[in-house]
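Overview (structure and organization)
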Protein chains: 4
Amino acid sequence: REKVIVDADMGILNDDAVALFMLLQSGEVDVLGVTIVAGNTWVEEGTAYALRQLELIGRTDVPVVPGAPEPLMGNRQPWLSAEERLWGNSEYLGAFSRPRPRSYLELDGEPYGGYPQTKPFSEHAVDFIVRMVKANPGQVTIFALGPATNLALAVRKNPEIVPLVKQVIYMGGAIDVPGNTTVAAEFNWWFDPEAAQIALRTPFRKQIIVPLDIAERVFYTKSEFDRIVSRAETPIVKMFKDLHGPRFAQDPDRTSFVWDALTSAIFLRPEIVVRMEERFVDVDTSYGPNYGRSLGYYESRRRSFGAPENFPAGTQKANVLFDIDRQAFWDLYVELIAKR
Amino acid sequence: REKVIVDADMGILNDDAVALFMLLQSGEVDVLGVTIVAGNTWVEEGTAYALRQLELIGRTDVPVVPGAPEPLMGNRQPWLSAEERLWGNSEYLGAFSRPRPRSYLELDGEPYGGYPQTKPFSEHAVDFIVRMVKANPGQVTIFALGPATNLALAVRKNPEIVPLVKQVIYMGGAIDVPGNTTVAAEFNWWFDPEAAQIALRTPFRKQIIVPLDIAERVFYTKSEFDRIVSRAETPIVKMFKDLHGPRFAQDPDRTSFVWDALTSAIFLRPEIVVRMEERFVDVDTSYGPNYGRSLGYYESRRRSFGAPENFPAGTQKANVLFDIDRQAFWDLYVELIAKR
Amino acid sequence: REKVIVDADMGILNDDAVALFMLLQSGEVDVLGVTIVAGNTWVEEGTAYALRQLELIGRTDVPVVPGAPEPLMGNRQPWLSAEERLWGNSEYLGAFSRPRPRSYLELDGEPYGGYPQTKPFSEHAVDFIVRMVKANPGQVTIFALGPATNLALAVRKNPEIVPLVKQVIYMGGAIDVPGNTTVAAEFNWWFDPEAAQIALRTPFRKQIIVPLDIAERVFYTKSEFDRIVSRAETPIVKMFKDLHGPRFAQDPDRTSFVWDALTSAIFLRPEIVVRMEERFVDVDTSYGPNYGRSLGYYESRRRSFGAPENFPAGTQKANVLFDIDRQAFWDLYVELIAKR
Amino acid sequence: REKVIVDADMGILNDDAVALFMLLQSGEVDVLGVTIVAGNTWVEEGTAYALRQLELIGRTDVPVVPGAPEPLMGNRQPWLSAEERLWGNSEYLGAFSRPRPRSYLELDGEPYGGYPQTKPFSEHAVDFIVRMVKANPGQVTIFALGPATNLALAVRKNPEIVPLVKQVIYMGGAIDVPGNTTVAAEFNWWFDPEAAQIALRTPFRKQIIVPLDIAERVFYTKSEFDRIVSRAETPIVKMFKDLHGPRFAQDPDRTSFVWDALTSAIFLRPEIVVRMEERFVDVDTSYGPNYGRSLGYYESRRRSFGAPENFPAGTQKANVLFDIDRQAFWDLYVELIAKR
Ligand SMILES: [Ca+2]
Ligand SMILES: [Ca+2]
Ligand SMILES: [Ca+2]
Ligand SMILES: [Ca+2]
């Protein structure tokens, strides 16, 4: 059985939650823990959502481990309007759009299904990642489904884990397409650009990236929703009904993306990959209009994979997902989500 | 008759030359002059090529006006390898790939058809642009087919021309796609990012941009070549035969782009435009991996065209070309190029 | 007789005015013209002040030539508050602190002594500089007493003048000391950092820099004022009485700096120089907290003047003034200012 | 008794070693541990030197705790020459001037006095700092005598320690003076600019900074050396004789700085402080000529301590040392170093 750590900026039945459900439902992997990072949500929110959803699906055996509460270079929330004046409004602010809660039991509003009864794991996400990787050398896949803050802290503090990690699978970046937060940057890598650069420049054995390039070409529609809710009502199916039902009732043509869910799918069923390219991927940390933008260097006349020094200072090779078999993906998605 | 200035980094039957030929052959526009800027070629090279090609087609009435010999912030050639070490090799270096010649009559090698007999116009391109715009208020379209150095100097030195320019049509930028020089930047705007930013942030009445987004989806193939050379042999048709013939003989499947040629086409036949979008376009001048990269801000939930201050500091609206009627384009191209 | 052009951001009896008066009063130099640049004042203000003060001292023979109305990369006034939020409030904003007037005859308030009767010279400052340098090859000293916008445009547009300029004497920069506008940057080079970098990186025969390092150690006090106003009342002495008198009446301990005046003094009497150092001087154009900051590279173990490539990309050698004979300076100052 | 952690880039009888000796010799403080960071030396070197020197002075009770082996954004050693080409040669490279050793027992050469017999503490410096601060809330002073990498990781990973730290005393920065590594940056903050920014922007109860402004005005000369070696020979006095003796024998006029030693002195004897100023201190992380440069914002007409938002985004107040009583300092220095 594959061992994985899911590092996520968890929401309520958001793509992080779905990615986690897919892994758990598969019955094929050993989820060592869910480590929480700020991104879509503050760590306090993500912790509560992860705990409660695991309770709802009866998987309280999976530890939920809170991590770094703010991006590496700090919380830009207080001066974000100055950034936006100079470099353009962001489309989506994630956690930055609201104040940080005082604790995972004092959120703005009660989470879906109420506050969790179970407790967060009493170890820091960074320490948890380091300990698990050391305990399972060469066996752990890390899913980096939010900003890379926890991962960056782990490899900088304990670089001895780097050769021991089996692989890192990121949802992040916009390699050959515009961003979804600023026109330049994808949300996860915009929220903490320095962490993303640190992680991507780490010489892991293997890095897989699921960027917007593919994520924004896979649409979740009423058709997929209908397939799920037509199945027997499990706790997960009920969540879909409760949370997505009203949206589709209001607008049956509504579509949305499922970003993180793609990482679980290609991990569980690599055969759905249609196109994966080798790139040297980096993140711009210049504090300007392209702050957080991804760069995907490729082999060419003047850059050869045979000579890594032809690629920019510090960058590492990664496998970037550009296309999948959508039919097979949705079949897997429905199968796992609706599994009893 | 429309009055135009063609500001170009002219080569031998390159896309700048073709764009110029199309305008001249149309018989519909008054080409006030061809101003030369460094980019694909050094100003000395571009001047010789422009003069000689105009001689070959019998249009020595069109003045060729040399302009700024180096980018605004200087010639980065001597330390380009350091830039490449940090931020990645460039695919194409244009003039930077060879030493600057001492004069337009002392090039590396004799131009196609020999050195020109005619002489460059004895006025600086910047002064020429300023004088022509003032002499023809509201009537002059400027084609910015190379780096924007001349244009930037003109508007900074003589901002009084800004409201008098009819429009600027740029070939440049890579709005929603990767660059062709670095992975981030299109060549013209990479060669002189500051000039491009200055020009684009100028409140011209109208700016039209032909970026890589469309330019890299229009392919010149043997089929188009064959249509041209099957026509009566004019000096231009002969040039195509002489210069493109051997290439297609060697590789009949060869394709290439015609970048600048698109500007002339949409100017002469606006009806071939299939999709044009309003964007606030900017160029990143942070000296880093995204130096020279374009940014195309669009209207959205958080950025409304009704409130220009929602767009980043200094940016201006532009019309960005995203699609054309390819069939109509190639028909026009062949018609004009082969016209007697 | 030495030939000079004074490029200035002229105020009313400000340091630019005093520097100009000193040159004119010396009777030793031929002031070819006063070119006006935005900085302390908008070009419209500077033009009016220069014209009027030359009228008052009976030197309407000296042309006043308006130049570039805004910094090279544009007027940052509209978004200066965002810059300040990120990188700190500026101590002094110069022209940015008020709206730009529509014409030199429509200022916020009537200048000292009323609006000028004489007219600005009908040529652009940049063209004037270029023409004068070409007409007097090897003979013209350019005083760059404000932002370097005009100078940068001149050398970029007409680089053929570079070897023909005798020397450039700048007031600008803070080489080994903090700035006076931001904590990092001196005003002139902060107002237009790109222009300053362009000018300083130009391979002029000779560049002399009078930075804050010395300028902020030379104090104008009531004692100097008293020496001036005790002399016979010329128009200049009257200006000092009218404009400085009330200030010293209110606060006899008041001190101020005379920045630009130092350039005229060391030009007219080089023997007052106590310490001048060779440096490769550059200006930071990264748009961040050090935007506009000067850097003064020196010879060292790892940077030898014998190997210019040991100095950063593009930089040039300059002579930086670090100390003067203050007594001799003030004697010269009083002598020239009070001269009949 | 005061509790302290000394976070240092330890060398052989370098300023870090002297600072540590002064604290230990005072008999007044409880040194909880010496945490090691890369800077002057690689962590492996620093660890060996710290262990061995503690053995030599009989203080093997003090734990030596290795920390982060590389700067936060990675080891720039492989492309440092590209940085230098663009932004100027560095005067001093510290650890970057040689390859990183494989272990603290396999250095380039045997340390002074041989390899240590004692072992490094088996906990990471970051965890050690966090644990000690939590165990001694409000009581621990952290001496940040090298790059701030360990400190930055600690506050980002475990921000709950921030209010529990008594104070941080940094040796670092060049507030109102040029740098000693690049012309812009002081070594510690140049080696890891992001870490320095993170640390300085942390809302610690109290931050004290000993910058080059004072450090480069305190000279260690043969006179101070003579005072030390004239005393009874303790292990420390012997080290001074062995290591400094030959240098002064060769050049009796030799002077050097004692940077870190100043931190211990003002901590042990605050009364030697002559001038301390409140500043909001930041570090430039723009990857350009001012990478790692300090900025010291002060109260002024437009920046009031009463309104922290007048200071740049994220910055915090610090107490910056600008002058000390040199006589008292050297008396203390000699007294502690030579103490039996
Ligand atoms: Ca996520
Ligand atoms: Ca072109
Ligand atoms: Ca001035
Ligand atoms: Ca140290």
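Predicted model only: the values in this text are computed from it and were never measured.

For chain A, the count of helices and strands is 12 helices and 9 strands. The C-alpha atoms of chain A give 19 Å as radius of gyration, which agrees with the globular expectation for 340 residues (20 Å, within 12%). Expressed as lengths along the three principal axes of its C-alpha atoms, the size of chain A is roughly 55 × 45 × 45 Å. Counting all 340 residues of chain A, 66% fall into the buried class. Once local pairs closer than 6 in sequence are excluded, the contacts in chain A between residues at least 24 apart make up 81%. Summed over all atoms, the accessible surface of chain A reaches about 11200 Å², with 49% contributed by carbon and sulfur. Separation of charge centres in chain A, based on 37 positive and 45 negative side chains, amounts to 3 Å.

Within the protein, the atoms that donate to the calcium ion (ligand 2) are Asp 9 of chain B (OD), Asp 16 of chain B (OD), Asp 16 of chain B (OD), Leu 145 of chain B (O) and Asp 260 of chain B (OD), at distances of 2.2 to 2.5 Å. For Asp 260 of chain B, a relative accessible area of 1% translates into the label buried.

Once chain A is rotated about the relating axis by 180 degrees and shifted along it by 0.0 Å, it coincides with chain D to within an RMSD of 0.0 Å. What the superposition gives is, in effect, a two-fold axis relating one chain to the other. Taken as a fraction of all interface residues of chain A, those also at the interface in chain D reach 100%, which identifies the copy contact as same-surface.

Once that is clear, we can look at the interface of chain B and chain A. Each side of the interface is counted separately: chain B has 35 residues, and chain A has 35 residues. For the pair chain B and chain A, the two sides together bury roughly 3100 Å², of which 45% comes from carbon and sulfur. If you sort the residues of chain B by the area they bury against chain A, Glu 91, Val 183 and Arg 302 of chain B come out on top, with a joint share of 23%. On the surface where chain B and chain A come into contact, there are 4 salt bridges. For Glu 84 of chain B, the salt bridge is made with Arg 302 of chain A, and the minimal N-O distance between the two is 2.7 Å.

Let's shift gears to the packing of aromatic side chains. Inspection of every chain in the model, using the stated rule, returns 94 aromatic pairs over all chains. Centroid distance Phe 96 of chain D to Trp 190 of chain D: 6.0 Å. Interplanar angle 70 degrees. Geometry classified as edge-to-face. In this pair, Phe 96 of chain D sits in the loop between helix H3 (80-87) and helix H4 (125-135) while Trp 190 of chain D sits in helix H6 (residues 187-191), placing the two residues 94 residues apart along the sequence. The class of Trp 190 of chain D is buried, set by a relative accessible area of 2%. Taking 5.7 Å as the distance between ring centres and 70 degrees as the angle between the ring planes, the aromatic pair formed by Phe 257 of chain D and Trp 259 of chain D counts as edge-to-face. Overall, Phe 257 of chain D belongs to the partly exposed group, its relative accessible area being 26%. Residue class for Trp 259 of chain D comes out partly exposed when judged on its relative accessible area of 26%. Each residue in the set Trp 42, Tyr 92, Phe 96, Phe 187, Trp 190 and Phe 191 of chain A is aromatic and connected to the rest through ring pairs, giving one cluster.

Now for the interface of chain A and chain D. Where interface size is quoted, it is often the accessible area lost as the parts come together. Contacts between chain A and chain D engage 23 residues on the former and 23 residues on the latter. Of the roughly 1800 Å² buried where chain A meets chain D, counting both sides, 68% is carbon and sulfur surface. On the chain A side of the contact with chain D, Met 73, Arg 156 and Lys 157 of chain A bury the most area, a combined 39% of that side's loss. Summed over the shared surface of chain A and chain D, the result is 2 salt bridges. For Lys 157 of chain A, the salt bridge is made with Asp 127 of chain D, and the minimal N-O distance between the two is 2.9 Å. Linking chain A with chain D are 8 residue pairs in polar contact (both at pLDDT 80 or more), by the criterion used here. Those elements giving two or more residues to the side of chain A that touches chain D turn out to be helix H4 (125-135), helix H5 (149-157) and helix H7 (193-200) of chain A. Partitioned by chemical class, the residues of the side of chain A that touches chain D number 11 nonpolar, 6 polar and 6 charged.

Time to look at the sheet that holds strand S7 (residues 273-283) of chain D. All names here are of chain D. Here we have 9 strands laid out as an open sheet, ordered S3-S2-S1-S4-S5-S6-S9-S7-S8, and mixed in their pairing. This sheet does not close on itself; its edge strands, each paired only once, are strand S3 (64-66) and strand S8 (294-297). Pairwise comparison of adjacent strand axes, ignoring direction, gives a mean angle of 30 degrees for this sheet. The pairing of strand S5 (residues 165-171) with strand S6 (residues 207-210) spans 4 bridges and is parallel. Across the sheet, Val 168 pairs through a bridge with Gln 207, a residue of S6. Lying on the sheet, H4 is in contact with strand S1 (2-8), strand S2 (29-36), S3, strand S4 (140-144) and S5; it crosses S2 at an angle near 155 degrees.

Turning to the coordination of the calcium ion (ligand 4), a few remarks are in order. All names here are of chain D. At 2.2 to 2.4 Å from the calcium ion (ligand 4) lie its protein donor atoms, namely Asp 9 (OD), Asp 16 (OD), Asp 16 (OD), Leu 145 (O) and Asp 260 (OD). When the donors of the calcium ion (ligand 4) are listed by position in the chain, the intervening gaps give D-x6-D-x128-L-x114-D. Taken together, the residues span a long stretch of sequence, with Leu 145 in the loop between S4 and helix H5 (149-157) and Asp 260 in the loop between helix H10 (235-250) and helix H11 (261-268) at a distance of 115 residues.

Moving on, we come to the sheet that holds strand S1 (residues 2-8) of chain C. The pairing of strands in a sheet happens through backbone hydrogen bonds and is either parallel or antiparallel. All names here are of chain C. If you trace the 9 strands from one edge of the open sheet to the other, you get S3-S2-S1-S4-S5-S6-S9-S7-S8, paired in mixed fashion. The sheet is open, and its two edges are formed by strand S3 (64-66) and strand S8 (294-297), each paired on a single side. Averaged over all pairs of adjacent strands, the angle between their axes in this sheet comes to 30 degrees, without regard to strand direction. Relative to strand S9 (residues 316-324), strand S7 (residues 273-283) is paired through 8 bridges, and the arrangement is antiparallel.

Of the strand pairs in this sheet, strand S7 (residues 273-283) of chain B and strand S8 (residues 294-297) of chain B are connected by 4 bridges, and their pairing is antiparallel. Note that in S8 of chain B the partner of Phe 280 of chain B across the bridge is Tyr 297 of chain B.

Right, let's get into helix H7 (residues 193-200) of chain B. Residue and element names in this part refer to chain B. Counting buried positions over the 8 residues of H7 gives 8, a clear majority of the element. Buried residues of H7: Pro 193, Glu 194, Ala 195, Ala 196, Gln 197, Ile 198, Ala 199 and Leu 200, and no others. Those residues of H7 hidden inside the fold are in contact with helix H5 (149-157), strand S5 (165-171), helix H6 (187-191), strand S6 (207-210), S7 and strand S9 (316-324).

Reading guide: rules and limits
- Residues numbered from 1 in each chain as written.
- Chains lettered and ligands numbered in written order.
- Predicted model: local features only at pLDDT ≥ 70, side-chain atom pairs only at ≥ 80, totals over all residues.
- Heavy atoms only, no water.
- Helix = DSSP H or I, 4+ residues; strand = E, 2+ residues; numbered from the N terminus.
- Rg over C-alpha atoms; globule rule 2.2 N^0.38 Å.
- Buried < 20%, exposed > 50% of the residue type's maximum accessible area, 1.4 Å probe, protein only.
- Contact = heavy atoms within 4.5 Å.
- Areas by Shrake-Rupley, 256 points an atom, 1.4 Å probe, with all protein chains shown as cover.
- Lys, Arg positive; Asp, Glu negative; His and termini not counted.
- Charge placed at Lys NZ, Arg CZ, Asp CG, Glu CD.
- Donors = N, O, S within 2.8 Å, 3.2 Å for Na, K, Ca; no water.
- Least-squares fit on C-alpha atoms with pLDDT ≥ 70 in both.
- Buried area = accessible area lost by both parts, 1.4 Å probe.
- Salt bridge = Lys/Arg side-chain N within 4 Å of Asp/Glu carboxyl O.
- Phe/Tyr/Trp six-rings, centres within 6.5 Å; stacked < 30°, edge-to-face > 60°.
- Polar contact = N/O pair within 3.5 Å; in protein donor to acceptor, adjacent residues only side chain to side chain.
- Nonpolar A, V, L, I, M, F, W, Y, C, P; charged D, E, K, R; others polar.
- Pairing = 2+ DSSP bridges.
- Axes fitted to C-alpha atoms, helices over the stretch in contact; angles between N-to-C directions.

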